Amino acid sequence: MPGFEVFGDEEKQQVLEVFDTGILFRYEFGAERNDVYKVREFEQAFADYTGAVSAQAVTSGTAALKVALAALGVGAGDEVITQGFTFVATWEAIFDIGAVPVFTEVNETLNMDPADLEKKITEKTKAIIPVHMLGAQAQIKEIMAIADRHNIPVLEDTAQAAGARIEGRHLGTFGAIGTFSFDSVKTMTTGEGGMCITSDQELWKNMSEYHDHGHDHAVNPGGRGGEGRRFIGFNYRMMELQGAIGLAQLAKLDDMIAAQKKTKQQLKEAAASIPGVGFRRLVDEEGDSATFLAFMLPDKERAAAVNAVLKENNAGAINFGENSWHFYPSWEHLLEGKTLADNGWPFMAHGKRRVIYDPKALPVSAELMNRTLVYPIPVLMGQERLQDMIDALAKAAKL
Ligand SMILES: *Cc1c(COP(=O)(O)O)cnc(C)c1O
């Protein structure tokens with residue numbers, strides 16, 4: 001990651017095909033567009049690639065989550081369970097649909113702890129969002145078994161794990177809906193953009209209509225203005241330029257992952273020489289998208305000492321315990337209920353607090369995140385830079 005490292009002639013050619021028609025819009029203009037439908041083609045290619053029946057392109061990964069939640073019928077008063085280690089977008093979408101996010105612990109997969117999920121299900125739980133963080137699998141089979149037992153739909157936030165699999169089956173195809181992001185730092189990028197995949201035609205229809213103001217997209221003599229609608233929607237339409245770039249990037253995804261895997265393996269071997277080191281538990285190492293390498297030290301102090309040596313040697317790692325965008329105790333705006341709304345929504349309703357978040361609610365995750373160090377794995381890494389990092393890890397091993 002990120003996919004823009006390999007932007008080239010393929011992306012340029014795709015974009016030029018759009019400009020040759022002058023039609024930057026996914027709907028209408030049948031007479032002018034010369035049969036160029038890039039977003040539609042990208043949706044089909046993405047569905048084919050992942051093995052889902054249908055795909056719905058949208059403007060971002062955050063929009064994808066919102067559109068998916070809408071399709072599942074989630075609304076005000078509902079609870080949606082996700083994990084305390086994720087990007088803020090996951091729970092922003094939950095609030096935006098009117099529901100309240102409930103957070104689980106993560107375990108050594110750095111993803112949702114199934115045992116903690118089971119404890120947090122209530123009669124208000126309307127959906128469960130496991131996140132495949134840092135390119136690798138949540139324990140989705142265990143999570144699906146629990147969700148099925150309670151008859152609650154699962155939405156997989158696959159924003160960080162496009163192309164990752166379990167025993168050959170793509171992440172995002174286990175739950176009712178899988179969502180993806182193509183923003184600037186993701187493994188494949190369209191600048192901004194997102195995708196929802198599903199094999200349930202009713203859910204796809206809901207998403208297709210909701211993301212475009214409710215338009216039913218049924219052919220009729222009046223064109224777009226004559227289309228009907230079943231419910232209110234919003235505008236999360238992807239534009240043709242994004243669809244075009246997506247087609248070029250998707251064609252490169254498996255090669256990007258293969259390149260990352262090679263680099264990751266060498267860094268992992270170097271990190272393995274650090275005394276006391278352990279690695280993130282992978283559900284299926286073969287299916288890892290190898291976008292990140294995560295390794296754990298015995299405790300927070302040891303992790304800080306190791307990272308100090310790595311930093312001195314120009315190879316500092318990320319400690320998500322210190323990162324304010326991805327981990328629950330650092331989300332002060334969530335914990336303190338900060339919002340632009342004068343009436344306090346979505347934290348307050350009818351003058352009362354709807355939900356209170358205790359910063360100490362996830363002690364297992366805190367202990368784990370504080371002693372975990374993470375390297376993002378670029379698609380392209382020069383031999384010299386790789387050797388520098390390996391040398392830095394060797395120095396840390398002598399600490
Ligand atoms: C990036 C990301 C999103 C949001 O995607 P955008 O395209 O930036 O809106 C959602 N969830 C996770 C886990 C992400 O990393």
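Residues numbered from 1 in each chain as written. Predicted model: local features only at pLDDT ≥ 70, side-chain atom pairs only at ≥ 80, totals over all residues. Heavy atoms only, no water.

Participant: How would you explain the side chain of Asp-284 if you had to name every residue and give the values?
Facilitator: Checked against the element boundaries, Asp-284 lands in the loop between strand 10 (278-279) and strand 11 (292-296). Despite its burial, Asp-284 remains without a salt bridge, the nearest opposite charge being carried by Lys-261 at 7.7 Å. Within polar-contact distance, the side chain of Asp-284 engages the backbone nitrogen of Glu-167 at 2.7 Å. Residues within four places of Asp-284 in sequence aside, it is in contact with Gln-137, Arg-165, Ile-166 and Glu-167. (Helix = DSSP H or I, 4+ residues; strand = E, 2+ residues; numbered from the N terminus. Buried < 20%, exposed > 50% of the residue type's maximum accessible area, 1.4 Å probe, protein only. Lys, Arg positive; Asp, Glu negative; His and termini not counted. Salt bridge = Lys/Arg side-chain N within 4 Å of Asp/Glu carboxyl O. Polar contact = N/O pair within 3.5 Å; in protein donor to acceptor, adjacent residues only side chain to side chain. Contact = heavy atoms within 4.5 Å.)

Participant: Now, about the sheet that holds strand 3 (residues 100-104): what can you tell me, with residues and values included?
Facilitator: Taken in spatial order, the three strands make up an open sheet running 3-2-4, and their pairing is parallel. Looking at strand neighbours, the two that pair on one side only are strand 3 and strand 4 (125-129), the edges of this open sheet. Each adjacent strand pair in this sheet contributes to an overall mean axis angle of 30°, direction not counted. Note that strand 2 (residues 79-83) and strand 4 share four bridges and pair parallel. Along strand 4, the bridge assignment pairs Val-80 with Ala-127. (Pairing = 2+ DSSP bridges. Axes fitted to C-alpha atoms, helices over the stretch in contact; angles between N-to-C directions.)

Participant: Would you mind going over the sheet that holds strand 1 (residues 54-58) in detail, with residue names and values included?
Facilitator: In spatial order, the strands read 1-9-8-5; together these four strands make up an open sheet with mixed pairing. Where the open sheet ends on each side, the last strands, each with one partner, are strand 1 and strand 5 (155-157). For this sheet the average axis-to-axis angle between neighbouring strands, irrespective of direction, equals 20°.

Participant: I'd like a description of helix 1 (residues 9-21), backed by residues and values.
Facilitator: With 13 residues, helix 1 extends 19 Å between its outermost C-alpha atoms, agreeing within 8% with the 18 Å of an ideal straight helix rising 1.5 Å per residue. Taken together, the buried positions of helix 1 are Glu-11, Gln-14, Val-15, Val-18 and Thr-21. Relative to the axis of helix 1, the buried residues are bounded by an arc of 120° and lie together on one face. Across from the buried face of helix 1, at angles greater than 90 degrees, the exposed residues are Asp-9, Lys-12 and Asp-20. Where helix 1 terminates, the next one or two residues include Gly-22, which has phi positive at roughly 75°. (Expected span 1.5 Å × (residues − 1). Arc of directions from axis to C-beta.)

Participant: Which residues make up the pattern of salt bridges, and what values go with them?
Facilitator: Within the structure shown, the criterion is met by 21 salt bridges. We note a salt bridge from Lys-252 to Glu-10, for which the minimum N-O separation is 2.9 Å. With Lys-252 in helix 8 (residues 240-271) and Glu-10 in helix 1, this pair connects stretches of sequence that are 242 residues apart. Judged by relative accessible area, Lys-252 falls into the buried class, the value being 14%. Glu-285 serves as the salt-bridge partner of Lys-268, at 3.2 Å between the closest nitrogen and oxygen. Of this pair, Lys-268 sits in helix 8 while Glu-285 is found in the loop between strand 10 and strand 11, placing the two residues 17 residues apart along the sequence. Note on Lys-268: relative accessible area 17%, which makes it buried. Owing to a relative accessible area of 43%, Glu-285 belongs among the partly exposed residues under this scheme. Three or more residues are tied together by salt bridges with common partners; here these are Glu-10, Glu-11 and Lys-252.

Participant: Explain the domain arrangement of the protein residue by residue, including any values.
Facilitator: By the assigned domains, the protein splits into domain 1 (3-252) and domain 2 (254-326 + 362-396). Distance between the C-alpha centres of domain 1 and domain 2: 28 Å. Facing 38 residues of domain 1, the contacting portion of domain 2 comprises 32 residues. Roughly 3,000 Å² of surface becomes buried between domain 1 and domain 2 when both sides are summed, with 57% attributable to carbon and sulfur atoms. Viewed at the interface, domain 2 and domain 1 are joined by two salt bridges. The interface formed by domain 1 and domain 2 includes 22 residue pairs in polar contact (both at pLDDT 80 or more). (Domains from an automatic or database assignment. Buried area = accessible area lost by both parts, 1.4 Å probe.)

Participant: Any chance you could break down helix 3 (residues 61-71) for me, citing the residues and the numbers?
Facilitator: With nine of eleven residues buried, helix 3 lies mostly within the body of the structure. Buried within helix 3 are the following residues: Gly-61, Ala-63, Ala-64, Leu-65, Lys-66, Val-67, Ala-68, Leu-69 and Ala-71. The distance from a side-chain oxygen at the start of helix 3 to the backbone nitrogen of Thr-62 is 3.3 Å, and the residue carrying that oxygen is Ser-60.

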